[in-house]
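Summary of the model geometry
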Amino acid sequence: MSGVSIRNVRKRYGQVEVISDLSVDVRPGEFLVFVGPSGCGKSTLLRMIAGLESFEAGEIFIDGRVVNTLHPSERDIAMVFQDYALYPQMTVRRNMGFGLKMRRFAAPEIERRVLDAARILQIEHLLERRPRELSGGQRQRVAMGRAIVRNPKVFLFDEPLSNLDAKLRVDMRSEIKALHQRLKTTSVYVTHDQVEAMTMADRIVVLNGGEIEQIGTPLELYHQPKTRFVAGFLGSPAMNFLPVTAADGFIRLPGFGSLRLPETREGAAELGFRAERVRVVYEEASAHLLGTVAVLEPLGADTLVTVSCEGHRVVARLPGDCALRLSEAVRLAIDPDSAILFDAAGQRVS
Ligand SMILES: Nc1ncnc2c1ncn2[C@@H]1O[C@H](COP(=O)(O)OP(=O)(O)OP(=O)(O)O)[C@@H](O)[C@H]1O
Ligand SMILES: [Mg+2]
């Protein structure tokens, strides 16, 4: 299996630096997800790996070999795009085999690989159809099939699920993951959808403005974000943030409350805590925040309760059967062990 190394790569469009000195290793067999807001450089980076985009400095290695000057067709990668890019006039069978035909594979070998891929993707019954006769999810599968038949060293995915409806997106998410577990092909997957990143990745790279904020497993990033950006980007609902001041081992919260943390650092400006780490309490002594219920969102197993506290909004994930009502006054307690402090620049200080 082949890894991909990106070493000190820089890319600019005109005067604008889109990727600034970025280095990351994709381990052999790994499913690595780049996630970040629109315009942060995800597609640019993927296109650089594919050889579709030049860059000013740095090196990209595939399987230990520098590919900077190699043509896309010589890099042994297969890319799945958001819009699938299928040939409308060709059948599914020909769409899937076309890349191999261009590479002068023998017809029986093409047929064997197409049938193999069709079986894996469960689209054998669609082989004689044309793309317009397929649903969105089926087209997506054909696009995947076209990548699989090549048996490439690396798969590159650029938001391949973003044109599908919500339900299908969830189904295809687990199918792509199952496919990776089966084929174990090194994969680089780009998305702006943090749920996709969390659920699919072996490791996630969070990109912000062309720079890496943090690299780690989904749960590392969820529980130990190094920056406010990562903390706020991953997880649904998003992490709660409150302005605080720190002194004498305590941090002061908006309103009456203060919180003793295992360690309190100088420079703390904001406290971050997850919705599942907030409880409703009845005794004033154990409360950190006082507020009123502003929004109730029952999800079945849980209910998300947005509480307005001193002009700030705090979301708590409470049991589905919680009996709170709108406008009701509530006291909240935050679990101090999982709370995180950030300085004014958004860097973690605790
Ligand atoms: N050909 C181009 N010429 C000039 N600027 C470009 C070009 N392509 C992309 N950019 C700019 O480079 C930045 C990164 O673009 P890129 O397409 O990599 O973002 P992205 O992270 O994939 O965003 P999205 O999530 O919206 O797809 C953006 O600010 C974009 O406007
Ligand atoms: Mg993009």
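Below, the structure is looked at part by part. All values derive from a computational prediction rather than experimental measurement.

Things to note about the site of ligand 1
- For ligand 1, the full set of nearby residues is Y13, V18, P37, S38, G39, C40, G41, K42, S43, T44 and E159.
- Between ligand 1 and S38, the relevant distance is 2.5 Å, taken from an oxygen atom to a side-chain nitrogen or oxygen of the residue.
- The separation between an oxygen atom of ligand 1 and a polar main-chain atom of G41 is 3.0 Å.
- Protein coverage of the free-state accessible area of ligand 1, which is 650 Å², stands at 54%.
- It is helix α1 (residues 42-50) that contributes the most residues to the shell around ligand 1, three residues altogether.
- The class makeup of the residues in the shell around ligand 1 is four nonpolar, five polar and two charged.

Brief notes about the packing of helix α2 (residues 92-102) against helix α3 (residues 107-121)
- Packing of α2 against α3 leaves a shortest axis separation of 9 Å and a crossing angle of 130 degrees. Comparing the axis directions of α2 and α3 gives the class oblique. Two packed elements cross with a definite hand, and for α2 against α3 that hand is right-handed. For the pair formed by α2 and α3, the contact residues are R93, M96, G97, L100 and K101 on the first element and I110, E111, R113, V114, L115, A117 and A118 on the second.
- Within the contact of α2 with α3, the residues separate by chemical class into seven nonpolar, one polar and four charged.

Some words on the layout of surface pockets
- There is about 540 Å³ of room inside the largest pocket.
- Taken together, 20 residues make up the lining of the largest pocket; nearest its centre are M79, F81, R103, R146 and R150.
- When contributions to the lining of the largest pocket are tallied by element, the ones reaching two or more residues are β6 (77-80), α2 and α4 (136-148).
- When residues in the lining of the largest pocket are grouped by element, the largest group, four residues, is from α2.
- A class-by-class count of the residues in the lining of the largest pocket yields 13 nonpolar, four polar and three charged.
- What the second largest pocket holds in volume is close to 260 Å³.
- In terms of lining residues, the second largest pocket is bounded by 18 residues, among which D337, S338, A339, I340 and R348 are the most central.
- Residue classes in the lining of the second largest pocket are distributed as eight nonpolar, four polar and six charged.
- Here the lining of the second largest pocket gathers at least three residues from each of two domains, domain 1 (4-233) and domain 2 (240-343).

Cut-offs used in this document
Residues numbered from 1 in each chain as written. Chains lettered and ligands numbered in written order. Predicted model: local features only at pLDDT ≥ 70, side-chain atom pairs only at ≥ 80, totals over all residues. Heavy atoms only, no water. Near = heavy atom within 4 Å. Polar contact = N/O pair within 3.5 Å; in protein donor to acceptor, adjacent residues only side chain to side chain. Areas by Shrake-Rupley, 256 points an atom, 1.4 Å probe, with all protein chains shown as cover. Helix = DSSP H or I, 4+ residues; strand = E, 2+ residues; numbered from the N terminus. Nonpolar A, V, L, I, M, F, W, Y, C, P; charged D, E, K, R; others polar. Axes fitted to C-alpha atoms, helices over the stretch in contact; angles between N-to-C directions. Parallel < 35°, antiparallel > 145°, perpendicular 65-115°, else oblique. Left-handed = near helix turned anticlockwise from the far one by under 90°. Contact = heavy atoms within 4.5 Å. 1 Å grid on protein atoms, 1.4 Å probe; cavity = no way out; pocket = protein on both sides within 12 Å on 5 of 7 lines; lining within 4 Å. Points joined across faces, edges and corners; volume = space filled by probe spheres on them. Domains from an automatic or database assignment.

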